[in-house]
Amino acid sequence: MSDPPPTTPQVPANFLRLTVVISSQIVILAFGYGFLGAVAYLEYLSPTDPVCELMRNYPGELTMLVTLIATVLSVITATLFTVSVKEALRHRMWQPISLIHLSTGVALAQGSHILKHRHVGLTTLTLFVFGVLRLLTAGWTTLLTPTYFMWPIQLNGSELDITGSAFSTLLRDEFQANGLTDIQDNAFEILDIGAMLSGVAAAGYTFGLPGTFNFNGAKYNISTKGVVPTIEEFSGSNGVPDANGTRLGFSGGNVTVNTKAIPGSHTSVSIPQGFSRNYSMSQQGLTANVSCRAIDSSQTQYVWDTNNSYVIYANAAASNNSITGLRLWNISANCGTNTLTTYEYVTMVDASGNVNSSGSGFLPSVVCPGPMNMNQTYTNFTIFTQGFYKYRFLNASVCEVVPLLTIVRANYSNDQISSEIISSTPFQPENVQLLSFIAGVARFQSINSQGLTSSAIGDTLYSIYSSTTTGSINDNLDDTKVYLELEDYWRGVVEFSATFLRSGFMAIGSFPDNVIPNNISSQVNGTMFISTIGWTRWAKQSPTYLLATLPLTTITILTFACALYSILEAWEERRSGHYKTTFDVSNTLHLIMACSAGGLTLADFGTKGIIKNEGVEVKLEESKDDHGVKKLVLADSSDSEKLV
């Protein structure tokens, strides 16, 4: 008789199921950590703009979708875990196991827990696993929910550098070609109106009035701070200046902007358009320290003469709507080295040379463009001023104006430019031409602000201060507030003059090919913040995403441990030739049937009986003669010794 053919090795029972469990859990874990890793590597992750727009427009649906995905992933993970526990417990039951350990395993296989104060360790284990299973949904939701964030993009570019000697030379050439006092037409109209409005906005803000100033299509908060827009969206007017409309003849138009985004380390990631964009740029600015005070009689260095005036025209027969008289004022001040500077003003009077003091106002000013004595460097200028008639609240005063070259942090947001001064330096000898221009703007503003019956500067002081006080402006007047307002006014004028100058030289057509030469070019840099929705890398001090993946990681480890245990036991069964069929320990009916088939007899339900039963060791057996019936029987001492 020949030997039987060799048997083909059989795959362990449920091997395919356990392989699916492990593979599926690996895929889910890889998805979680892959997504987390992608966000950590890219720093910022956002869907396409149409998808972002849908997310913003349907926040409720977005929350529902993310929660649904998180719930599905959590249910799959929990199911894989319970399947692996059931398989592991089934293999473990073929060996002696106490009933308390069996009930613990059944609770885990059902995704539940036990509460036994006599078995703190087992209770803690089941509560821990139970809690981790419940946290799966919260973890996935935290990981997958997109949030609104600001995506930063680094920018750099260049602007006109007005601080060096190269620009001073260029400005001197412009003065020689045109002459500062010869600048006419639209350019000085812009200077006149723009400087006045800038001063008004700056002065009014001190008293809580709105401080928005518009120039060349751009909006500035309070004052320009001497900056010119370096961001295209905020550059204002799109008009192209004519041949005479640039530099000192600037009267509005498009300003050259060459700020570009710096490519990031991940060039494959496209930058979204976003919902909105804000910018923060480091660039040049200009401001001034202005100090105004009344002229004391003991300050003999200040010579301020307002007594030289006379009527140059009188017509008593003139109608009410006609000019009845004019008075010529020769206002003079000592501008150093005993040299008097005189400005002429004309005001309207009656035929007798008198003025209606309640309705008319006269506020002359004299700008001294240089230092008050030869020992001072040419880094500042002085303004003398005094109010008459309805402006009589302003006594003879002197304002010392010290312009400063600044580096500012300009913030571009909500269609408005606001600037914060980071550092400042005083003017140097090479800035003498720039100082001459600024002083010239102040001179032009001081002369042209005075009309026949009122002054724009005086009306600004009068209206702003009176609108924020009660009673007459001359009653208990706080000189400190008036001088503070006057200082802010002249500071706004100085800052605007720098913005005007930069705009004129950076206007389209000012330089060939609209390229600013390198010797008068200054670097600007900053950040563009794009408002969008998506996912960002967590902050170092906030390990939120790592905590979100902790439940998934914990359950995956436990699932792998149970599945590997079952596979090892199954291979051992295959090696020994004892194949054990499936038994579902989480199925209460299976347990009852196994207990009935094994004739398992236990103590009663008394307290002592329950305690005794918890320590009883049982094992699962399979009948070979009765169609493979499973029986839960008491384990004898020999079984326990084999287990040990």
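Computed from a prediction, not measured in an experiment: that's the story for all the values here. (Residues numbered from 1 in each chain as written. Predicted model: local features only at pLDDT ≥ 70, side-chain atom pairs only at ≥ 80, totals over all residues. Heavy atoms only, no water.)

1. What to know about the state of the cysteines
And step 1. The full count for this structure, using the stated rule, is two disulfides.
And step 2. Covalently, Cys292 is tied to Cys399 through a disulfide, its sulfur atoms 2.0 Å apart. Taking the sign of the S-S torsion, about 115° here, the bridge from Cys292 to Cys399 comes out right-handed. Separated by 107 residues along the polypeptide, Cys292 in strand β7 (residues 276-294) and Cys399 in strand β15 (residues 397-413) bring together distant segments of the chain.
And step 3. For Cys399, a relative accessible area of 0% corresponds to the buried category.
And step 4. Here Cys335 pairs with Cys368 through a disulfide, and the sulfurs are 1.9 Å apart. Between Cys335 and Cys368 the sulfur-sulfur dihedral comes to about -70°; the bridge is accordingly left-handed. Of this pair, Cys335 sits in the loop between β9 (325-334) and β10 (340-349) while Cys368 sits in strand β12 (residues 365-368), and the two are 33 residues apart along the sequence. Per residue, the accessibility class of Cys335 equals that of Cys368, and both read buried.
And step 5. Across the protein chain, the way the bonded cysteines pair up, counted in sequence order, is 1-4, 2-3. (Disulfide = S-S within 2.5 Å. Helix = DSSP H or I, 4+ residues; strand = E, 2+ residues; numbered from the N terminus. Buried < 20%, exposed > 50% of the residue type's maximum accessible area, 1.4 Å probe, protein only.)

2. Looking at unusual backbone geometry
And step 1. With phi around 55°, Lys225 is a residue other than glycine that occupies positive phi space.
And step 2. The topology assignment puts Lys225 in the loop between β5 (218-221) and β6 (260-261).
And step 3. Judged by relative accessible area, which is 19%, Lys225 ranks as buried.
And step 4. Even without being a glycine, Tyr389 presents a positive backbone phi close to 65°.
And step 5. Mapped onto the elements, Tyr389 comes out in strand β14 (residues 388-389).

3. Overview of the sheet that holds strand β8 (residues 304-314)
Pairing between the strands of a sheet is mediated by backbone hydrogen bonds and can be parallel or antiparallel.
And step 1. The strand order across the open sheet formed by three strands is β8-β9-β10, and the pairing between neighbours is antiparallel. Only two strands of the sheet have a single neighbouring strand rather than two, namely β8 and β10. Averaged over neighbouring strand pairs, the angle between their axes works out to 20° when direction is ignored.
And step 2. Where β8 and β9 come together, eight bridges link them in antiparallel fashion. In the strand pairing of β9, Trp304 is matched with Ala333. (Pairing = 2+ DSSP bridges. Axes fitted to C-alpha atoms, helices over the stretch in contact; angles between N-to-C directions.)

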